[in-house]
Amino acid sequence: MSQTTTCPLDCYDACAIVIDTNGKLKGDDNHPVTQGFLCPHLNHYDEFERILEPRFKGKAVSMPEAMEILCDSLQNSNPDKTLFYRGSGNIALMQRSCDHFFASMGAVGTRGSLCDGAGEAGILEGRGINYALPSSIVEEADVVIVWGRNPHVTHSHLLGALKKKSVVVIDPVQTALAKTADIFIQIKPHCDLQLALLLSRFAIIEGSQDEVFLEEYGSGYQDFYELTQSLRIKATLENIDVTLGQIGSLLGLIRGKKTVILVGAGVQKYRNGADVLRAIDGFGAILGLFGKAGCGVGFLGSSTHGLELPFRRLQKTVPKPTLDFSAFETVFVQGGNPLGQMPNSQKVRDDFMKVGVKIYFGLYENETSKECDLILPAKTFLEKEDVRSSYGDFTFQKMSKLRECEIGIGEYDLASQLCAHFNLSIPSQQECLETFYDQMVSKNGVDYRKNMPNIPYENGFETDSGEFEFLDELDLGSNDEEGFSLLSPKAARSLNSQFHRSSGIHLHPKCGFDAGELVMVSSKNGSIQLSVVHDDRLRSDCAIIYAGTPGVNNLTPTLLSYEGESAVYQENKIKVEKC
Ligand SMILES: Nc1nc2c(c(=O)[nH]1)N[C@H]1C(S)=C(S)[C@@H](COP(=O)(O)OP(=O)(O)OC[C@H]3O[C@@H](n4cnc5c(=O)[nH]c(N)nc54)[C@H](O)[C@@H]3O)O[C@H]1N2
Ligand SMILES: Nc1nc2c(c(=O)[nH]1)N[C@H]1C(S)=C(S)[C@@H](COP(=O)(O)OP(=O)(O)OC[C@H]3O[C@@H](n4cnc5c(=O)[nH]c(N)nc54)[C@H](O)[C@@H]3O)O[C@H]1N2
Ligand code: SF4
Ligand SMILES: [Mo]
């Protein structure tokens, strides 16, 4: 057995792991991204209590009994009324073995995203393909603009690449990186589209546009310039709480410098999230940042684009963020916690409770496992063979089985047993793995996806025109509701709802609430009681309730982004009242 593997968690870094002689997990010293350290989730991975045995209607059953109940339930369920819901608790590729079974039996799956779908839709419109921006490119930059991303929490292995660089942070919260940044723009939430347009406009006014690049790849830029002129400068600056001085300093800092813009999920948790990414991309294109060493605009990249998968894909799908569970007789949830993580969780829970047979296949107990009839414990990533493709770069790494364990069942084993029972075909595990291994290419001892560019977009864009397509219409998505803007970013000690979940609502001390005070927080969609945490990193018009906080999604709406079928966790304003 090989003694190395890769972290399966939904994270930009996709760390390479070695296991020492005491069985302890360590970051691989020789890996260019991991550089010898893991984060708290993996350092304490073995301490989290996992589900030990299958159970049915609250009573422990053996795995063969659980499999029999599962087969009977699926046999008796109309495929059109059977839903397969896969979350992102483990994003390694063999998780999709179960997609293969459910696709083969004709069940319904989900499409769209709880995560980055809005931003990705904007990127696809502009660039045609969504490439990650590897940290090797960030290392070569002079200036890095971190825009709605929080690397100390969500992308800690990037921090090394930011050393000795000029850093700009654009965030409503004074994040750890903002504290040491050269320029920090504490923007009002949901105003990034306006800022990107103003930056583009002033870049052109001062003559910083890259004419050579634009002639070849951005011939529509004059129309985009006109679009930026539809904003009234003074009123817009006031509205988004940015000064002309800050715009001037930012443009001054990047003038003639190799610049990278790293955009995170934070800017696109709104209905017009696609336009936000497309406008930020537009600013990058004006400056000619695409296809050049030490430059670029990076978001969460597509980890599967261009990969051949050995599994069938579900043909019938419903949009994930707005899905109505009550339309199904049988629901199978794998690696997710929809009752905690989907928006509008009270409605989700009510709909879910109407389902006849509810099955949960996961590692940990959560809001969803508590309401399910049949619980199937999963194996951890250390107990099964897999592969991990990164969304932060182009690494494509093996995940070897490092431990034998009696607990639970792996996704491939579950899928192949179900296929055998229903007389459906599935490639062998080895064939599936080989399909992936064949698409790897090794450089300096690290495996990468084949056919990925050295520098993203060095050969142009994959739009119909082959050029970058600028945003051509404006919807500023302004929200006139009264109340605090809800920010719901990721927390340091949890990975969405896995591990140590946060509690409480963070407010600026000058908002008039005492620390520790219990308050009623409400939105158009629902309410929740939380205790107040004073946080002077915040603007006084915002509140943070971290992703993974139990009950946070009582406040969020059943709505899709205008493009990308994504959830919009920050669309609603919230009211905070003393209890
Ligand atoms: N520790 C930890 N790491 C994680 C995760 C986790 O739960 N915990 N989750 C993983 C997953 S699933 C994902 S998708 C990634 C996401 O990781 P990131 O891309 O870092 O996204 P978020 O943490 O959601 O938000 C990032 C920043 O956006 C800011 N922000 C919020 N609203 C706005 C806005 O309107 N404008 C601007 N400019 N900024 C705004 C927030 O204050 C926050 O600092 O992280 C992954 N990594
Ligand atoms: N308010 C708010 N809500 C959000 C977000 C936000 O920013 N704010 N972020 C959204 C985003 S970006 C995301 S990606 C989603 C994530 O939401 P989900 O996809 O629901 O992810 P988790 O909450 O992490 O639940 C993952 C579950 O997977 C299970 N699991 C872990 N490993 C394995 C395995 O190997 N096999 C199996 N079968 N199960 C396993 C664990 O039991 C764990 O409970 O949440 C979204 N919800
Ligand atoms: S930083 Fe991310 S990839 Fe690395 S060990 Fe932690 S969760 Fe896994
Ligand atoms: Mo995510």
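Criteria and cut-off values
- Residues numbered from 1 in each chain as written.
- Chains lettered and ligands numbered in written order.
- Predicted model: local features only at pLDDT ≥ 70, side-chain atom pairs only at ≥ 80, totals over all residues.
- Heavy atoms only, no water.
- Near = heavy atom within 4 Å.
- Polar contact = N/O pair within 3.5 Å; in protein donor to acceptor, adjacent residues only side chain to side chain.
- Helix = DSSP H or I, 4+ residues; strand = E, 2+ residues; numbered from the N terminus.
- Nonpolar A, V, L, I, M, F, W, Y, C, P; charged D, E, K, R; others polar.
- Axes fitted to C-alpha atoms, helices over the stretch in contact; angles between N-to-C directions.
- Parallel < 35°, antiparallel > 145°, perpendicular 65-115°, else oblique.
- Left-handed = near helix turned anticlockwise from the far one by under 90°.
- Contact = heavy atoms within 4.5 Å.
- 1 Å grid on protein atoms, 1.4 Å probe; cavity = no way out; pocket = protein on both sides within 12 Å on 5 of 7 lines; lining within 4 Å.
- Points joined across faces, edges and corners; volume = space filled by probe spheres on them.
- Domains from an automatic or database assignment.
- Core = buried A, V, L, I, M, F, W, Y, C linked by side-chain atoms within 4.5 Å.
- Buried < 20%, exposed > 50% of the residue type's maximum accessible area, 1.4 Å probe, protein only.

A. Structural context of the site of ligand 2. In the vicinity of ligand 2, 34 residues are found, and the nearest of them are Ser88, Asn337, Glu411, Lys490 and Ser497. Between ligand 2 and Phe361, the relevant distance is 3.2 Å, taken from a nitrogen atom to a main-chain nitrogen or oxygen of the residue. For ligand 2, an oxygen atom lies 2.8 Å from a polar atom in the backbone of Tyr364. The leading source of residues in the shell around ligand 2 is strand 15 (residues 357-362), at three residues. Here the residues of the shell around ligand 2 sort into eleven nonpolar, 17 polar and six charged.

B. Local environment of the site of ligand 3. Lining the immediate surroundings of ligand 3 are Cys7, Leu9, Cys11, Asp13, Ala14, Cys15, Cys39, His41, Leu42 and His157. Each residue belonging to the shell around ligand 3 can be placed in one class, and the counts come to seven nonpolar, two polar and one charged.

C. Focus on the packing of helix 9 (residues 192-205) against helix 14 (residues 273-286). Where helix 9 meets helix 14, the closest approach of the two axes is 8 Å, and the angle between their N-to-C directions is 15°. On the basis of their axis angle, the class for helix 9 and helix 14 is roughly parallel. Between helix 9 and helix 14 lies a crossing whose hand is left-handed. In contact with Asp192, Leu193, Ala196, Leu197, Leu199, Ser200, Ala203 and Ile204 of helix 9, helix 14 contributes Asp275, Val276, Ala279, Ile280, Gly282, Phe283 and Ile286. Tallied by class, residues from the contact of helix 9 with helix 14 come to eleven nonpolar, two polar and two charged.

D. Structural detail: the layout of surface pockets. Empty space within the second largest pocket amounts to approximately 430 Å³. Around the second largest pocket, the lining is made up of 21 residues, and of these Pro32, Pro134, Ser136, Lys443 and Tyr448 lie nearest the centre. In terms of residue class, the lining of the second largest pocket is built from nine nonpolar, seven polar and five charged. Both domain 1 (50-113 + 313-449) and domain 2 (117-298) contribute no fewer than three residues apiece to the lining of the second largest pocket.

E. Structural context of the nonpolar core. Residues Trp147, Leu250 and Phe283 are the most contacted members of the largest nonpolar core, which totals 66 residues. At nine residues, the largest contribution of residues to this core is made by helix 9. There are two domains that each give this core at least three residues, and those are domain 1 (50-113 + 313-449) and domain 2 (117-298). Once you skip the residues sitting within four places of it in the chain, Phe283 turns out to touch Trp147, Ala196, Leu199, Ser200, Ala203, Phe224, Leu250, Leu251, Ile254 and Ile261. By size, the runner-up hydrophobic cluster in this structure holds 58 residues, among which are Ile19, Ala103, Leu314 and Ile359.

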